[in-house]
Amino acid sequence: MPRRPRPEREERATLPGIAEVRLRADERTAEVVLDVLRANFTITAPREYPSDRLYFTLDTGNTAADPGGDE
């Protein structure tokens, strides 16, 4: 069966340090991956899709506390 052509999509605007992530994994593996990412980055709540896919946004910006305070 030939692949159907992909529909035209609107150009996406992205921000530096922001990643749109698609994760395909079983439930246990997905939880482990999400726990590790949450410990190190800011992520949105994963959007579940049929089968084994999760979609979320990952902010890779600096999430460390500001050591200098208000300067």
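Residues numbered from 1 in each chain as written. Predicted model: local features only at pLDDT ≥ 70, side-chain atom pairs only at ≥ 80, totals over all residues. Heavy atoms only, no water.

## Re the overall build of the chain
Counting secondary structure elements, the chain contains 1 helix and 4 strands. Counted from the first residue to the last, the chain has its helices and strands arranged as β-α-β-β-β. Within the chain, the proportion of its 71 residues that are buried is 14%. Summed over its atoms, the accessible surface of the chain is roughly 6,600 Å², and 50% of this surface lies on carbon and sulfur atoms. (Helix = DSSP H or I, 4+ residues; strand = E, 2+ residues; numbered from the N terminus. Buried < 20%, exposed > 50% of the residue type's maximum accessible area, 1.4 Å probe, protein only. Areas by Shrake-Rupley, 256 points an atom, 1.4 Å probe, with all protein chains shown as cover.)

## Points about helix α1 (residues 27-40)
For α1, spanning 14 residues, the distance from its first C-alpha to its last is 20 Å, which sits close to the expected 20 Å at 1.5 Å a residue. Where α1 is concerned, the buried positions are A30, L34 and L37. The buried side chains of α1 occupy one side of the element, clustering within an arc of 65° when seen end-on. Away from the buried face of α1 by more than 90 degrees, exposed residues R28, V36 and A39 are located. The secondary structure elements touched by the buried residues of α1 are β1 (18-24), β2 (42-43) and β4 (53-59). (Expected span 1.5 Å × (residues − 1). Arc of directions from axis to C-beta. Contact = heavy atoms within 4.5 Å.)

## Digging into the environment of A30
Within the secondary structure, A30 sits in helix α1. The exposure class of A30 is buried, given its relative accessible area of 6%.

## Details of the confidence of the model for the chain
In this model, the chain carries a mean pLDDT of 81, and residues with pLDDT of at least 70 account for 82%. For the chain, the element scoring lowest by mean pLDDT is strand β3 (residues 47-49), at 81; α1 scores highest, at 91. (pLDDT = per-residue confidence, 0-100.)

## Let's talk about a positive patch on the surface
Residues R3, R6, R9, R22 and R53 make up a contiguous surface patch of positive charge. Position of R6 relative to the elements: it lies in the segment before β1. (Patch = residues over 30% accessible without salt bridge, like charges linked within 9 Å, V, L, I, M, F, W, Y side chains within 5 Å. Salt bridge = Lys/Arg side-chain N within 4 Å of Asp/Glu carboxyl O. Lys, Arg positive; Asp, Glu negative; His and termini not counted. Charge placed at Lys NZ, Arg CZ, Asp CG, Glu CD.)

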